[in-house]
Structure formats: structure tokens, C-alpha cells
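Notes for the structure review
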Amino acid sequence: MTEQPYAVRFSTSVAKVLDSLPQHVEDMVWDVLDAAAADPWGFRQWNTEDPEGEDVRHASVGQLSLTYWVNRPLHTACPSSPSPGSDSHRW
């Protein structure tokens, strides 16, 4: 089975900001996004007190901070998410 590459999508305003950054900063942003795509759950949750916001993650490297949303396919569940049609969590 071939693994699907992760897609990175930016809002129009974020794309404009990214285009205005110095090249070395843009390269760092892409490096952080590559790390996040390789392990979407590897960075901490943006707001740990929001039980419905576990897909919103926060990655920081030095002074650079990125907040990203993990879009997961319907058939894939995070270990802490309830299974479709289930009343309990899958571990």
C-alpha cells in the first residue's frame, strides 16, 4: 500500500504573509510543516482545555510558531477519539 503524501493548504492571507518573508524564514516554515506532516500528532495541542480541539496543533522552533489543523480521513481515528458508532474510546 502506497502512503498518501500530506497536502499543505494555506489561506490567502497566510500565503501572502509567507510570500513576504525572507527566504531563510520561509524555508524554516516549510521545514516545520514537513515535520508536522510526517508526524501530525507530534506537536502539542493548541488548547489542551478544549476537548474538541485536539486537531488544532502548535509547533514552535525558536521564535517561529505555527498553528495548524490536522485533517484526518474519516476512516482514521486518533487514539483518543471515539470510534464512529462507539460510545467508548479506542486505545
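Since this is a predicted model, take the numbers as computed values, not measurements. (Residues numbered from 1 in each chain as written. Predicted model: local features only at pLDDT ≥ 70, side-chain atom pairs only at ≥ 80, totals over all residues. Heavy atoms only, no water.)

Digging into the nonpolar core
Listed in full, the ten residues of the largest apolar core are Leu18, Val29, Val32, Leu33, Ala36, Ala59, Leu64, Leu66, Tyr68 and Val70. Counting only elements with at least two residues in this core, the list comes to α2 (23-38) and β3 (64-69). Ranked by the residues each element gives to this core, the list is headed by α2, at four residues. Residues within four places of Leu64 in sequence aside, it is in contact with Met28, Val29, Val32 and Ala59. (Core = buried A, V, L, I, M, F, W, Y, C linked by side-chain atoms within 4.5 Å. Buried < 20%, exposed > 50% of the residue type's maximum accessible area, 1.4 Å probe, protein only. Helix = DSSP H or I, 4+ residues; strand = E, 2+ residues; numbered from the N terminus. Contact = heavy atoms within 4.5 Å.)

As for the pairing of strand β2 (residues 56-61)
Of the strand pairs in this sheet, strand β1 (residues 44-45) and β2 are connected by two bridges, and their pairing is antiparallel. Bridge assignment links Arg44 to a residue of β2, and that residue is His58. The sheet contact formed by β2 and β3 spans six bridges and is antiparallel. In the sheet register, Val56 faces β3, and the bridge partner there is Trp69. The turn joining β2 and β3, which pair antiparallel and follow one another in sequence, is formed by two residues; a positive phi near 60° is taken by Gly62. (Pairing = 2+ DSSP bridges.)

Some words on a nonpolar patch on the surface
Among the surface-exposed residues, Phe10, Val14 and Trp30 lie close enough to one another that they form a single nonpolar patch of about 230 Å² accessible area. Residue placement: Trp30 occurs in helix α2. (Patch = residues over 30% accessible without salt bridge, like charges linked within 9 Å, V, L, I, M, F, W, Y side chains within 5 Å. Areas by Shrake-Rupley, 256 points an atom, 1.4 Å probe, with all protein chains shown as cover. Salt bridge = Lys/Arg side-chain N within 4 Å of Asp/Glu carboxyl O.)

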